Protein chains: 2
Amino acid sequence: MSKRYLRSIRLLSECMQLFEQASNRNVRQFGCTPAQFDIIATLGNTPGMTCKELGEKTLITKGTLTGVLDRMEQKGLVQRERGDGDRRQLFVKLTPQGEATFSEIFPKVVHAGEQRFSGYTDSDYCDLEQALSKLKKHLNEN
Amino acid sequence: MSKRYLRSIRLLSECMQLFEQASNRNVRQFGCTPAQFDIIATLGNTPGMTCKELGEKTLITKGTLTGVLDRMEQKGLVQRERGDGDRRQLFVKLTPQGEATFSEIFPKVVHAGEQRFSGYTDSDYCDLEQALSKLKKHLNEN
DNA sequence: TATTGTTATACTCTATAACTATA
DNA sequence: TATAGTTATAGAGTATAACAATA
């Protein structure tokens, strides 16, 4: 019987869409596409990382990543550097301007999102985290 | 303190991505894009609906929807009809071929997704549904 | 005047595969 | 041979605004 499964998946997808729709609109108002914001948020507060690592964290495939990074480089948000070790790897990091964008936008986006959780109690968070942690573990294993 | 919020949102997004990545790959193997599958799944087992209604259910904006429906019409999956009532509205429904595609693909996609929940107990489902229902309600209200 | 859906524009993401350069 | 990243290609989704037909 797949009713139970469908109900859960539908709920998961509805929650994600409800959240993302508002969040994406918010991000775009700051002049970033969702993918670009994802990269800024991933690179923020790090010394940078290889394209491979960045692709794995953001789930953007390498061919796509090149294009996204090209546009961000044009906007002066990221820079690519050949590292000292393996000369096939490119090291991607935020430029000073990228850092500034991160510092300015990230807290605002987080704050706007957090507003939607106002009234969520400790135990609400706890239940949600537990249920989602279990789901994540399960999805990773199956 | 936004740590709690960030942790929950990160988990939500990770679960969704883990699930969607596999599901989208699966859907594409059947020759549909995720958006097209979304529309087929929404129209399946219904007499059809207006573009407006379809857009609301799938969260595809009207300008985009026209393009998606164009491609699906070309593939012979959907048809658009001017209704009897309000003559501004277009009624969208699956063609017989669209119905056949729905009947063939939908169960397979559901089944493949359900596989990843094998081992999920009744109480696991229960916890997940409760946590997500509460979240959905909350997101809708704030 | 407001609403339904289309058109037009410009951009962005996507999958995929072939390619370059290193290893 | 394998890996990191780019290039090339074709298609698809996105936001946005202007528009036609109808209400």
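Residues numbered from 1 in each chain as written. Chains lettered and ligands numbered in written order. Predicted model: local features only at pLDDT ≥ 70, side-chain atom pairs only at ≥ 80, totals over all residues. Heavy atoms only, no water.

## Thoughts on the protein's contact with DNA strand C
Formally: Any residue with a heavy atom positioned within 4 Å of a molecule or strand is treated as near that molecule or strand. Any pair of N or O atoms that falls within 3.5 Å is considered a polar contact. Within protein, one atom must be able to donate a hydrogen and the other to accept it, and sequence-neighbouring residues count only if both atoms are side-chain atoms. Strands are runs of DSSP state E lasting at least two residues, helices are runs of H or I lasting at least four, and both sets are numbered from the N terminus onward.
Lining the immediate environment of DNA strand C, one finds 23 residues, of which A:Thr33, A:Arg71, B:Lys52, B:Arg88 and B:Leu90 sit closest. Per the 4 Å cut-off to the protein, sugar and phosphate atoms form 66% of the nearby atoms of DNA strand C. Residue B:Arg88 places a side-chain N or O atom 2.9 Å away from a base oxygen belonging to DNA strand C. At the level of elements, α2 (34-43) and α4 (62-74) of chain A together with α3 (51-58) and α4 (62-74) of chain B are the ones that each hand at least two residues to the surface near DNA strand C. Residue contributions to the surface near DNA strand C peak at four residues, all from α4(A).

## Topic: the sheet that holds strand β1 (residues 49-50) of chain A
Residues and elements named next belong to chain A. Defined as follows: Strands qualify as paired when DSSP identifies two bridges or more between them.
Ordered by their spatial adjacency, three strands build an open sheet running β1-β3-β2, and the pairing between neighbours is antiparallel. Looking at which strands have only one partner, the edges of the open sheet turn out to be β1 and β2 (78-82). Where β1 and strand β3 (residues 90-94) come together, two bridges link them in antiparallel fashion. In the strand pairing of β3, Met-49 is matched with Val-92.

## Observations regarding the interface of chain A and chain B
For the record, the criterion: Whether two residues are in contact is decided by their heavy atoms: any pair within 4.5 Å suffices. Two parts placed together each lose some accessible area under a 1.4 Å probe, and the buried area is that loss summed for both. In what follows, salt bridge is the name for a side-chain nitrogen of Lys or Arg lying within 4 Å of a carboxyl oxygen of Asp or Glu. Each residue is assigned to one of three groups, with Ala, Val, Leu, Ile, Met, Phe, Trp, Tyr, Cys and Pro labelled nonpolar, Asp, Glu, Lys and Arg labelled charged, and all others, Gly among them, labelled polar.
The interface of chain A with chain B comprises 46 residues on the first partner and 46 residues on the second. Here chain A and chain B share an interface that buries about 4900 Å² over both sides, 68% of which is from carbon and sulfur atoms. When the buried surface of chain A facing chain B is broken down by residue, A:Arg4, A:Tyr5 and A:Leu139 rank first, second and third, together holding 15% of it. Linking chain A with chain B are ten salt bridges. Salt-bridge contacts for A:Glu129 lead to B:Arg7; the nearest nitrogen and oxygen are separated by 3.3 Å. If you look at where chain A meets chain B, you find 17 residue pairs in polar contact (both at pLDDT 80 or more). When contributions to the side of chain A that touches chain B are tallied by element, the ones reaching two or more residues are α1 (3-29), α5 (96-115) and α6 (122-141) of chain A. Grouping the constituent residues of the side of chain A that touches chain B by class yields 21 nonpolar, 14 polar and eleven charged.

## Looking at the confidence of the model for chain A
Reading fine detail from the predicted coordinates is not recommended where pLDDT is low. We apply this condition: For every residue, the pLDDT score states the predictor's confidence, bounded by 0 at the bottom and 100 at the top.
Per-residue pLDDT for chain A has a mean of 93; in total, 99% of the residues score no lower than 70. Mean pLDDT across the elements of chain A bottoms out in α1(A) (92) and peaks in β1(A) (96).

## Considering the relation of the copies chain A and chain B
Short version of the rule: Superposing copies: least-squares fit, C-alpha atoms only, residues required to have pLDDT of at least 70 in both.
Each copy superposes on the other: chain A lies on chain B with an RMSD of 0.0 Å after a rotation of 180° and an axial shift of 0.0 Å. Read as a symmetry element, the transformation amounts to a two-fold axis. When the interface residues of chain A are mapped onto chain B, 100% of them are again interface residues, pointing to one common binding face.

## As for the protein's contact with DNA strand D
DNA strand D sits among 22 residues. The nearest are A:Lys52, A:Arg88, B:Thr33, B:Arg71 and B:Arg87. When the atoms of DNA strand D within 4 Å of the protein are grouped by moiety, sugar and phosphate amount to 67% of the total. In this structure, a phosphate oxygen belonging to DNA strand D sits 3.1 Å away from a side-chain N or O atom of A:Arg80. A:Arg88 places a polar side-chain atom, nitrogen or oxygen, 2.7 Å from a base oxygen of DNA strand D. Listing elements by their share of the surface near DNA strand D, those giving two or more residues are α3 (51-58) and α4 of chain A together with α4 of chain B. Here the element with the most residues in the surface near DNA strand D is α4(B); it accounts for four residues.

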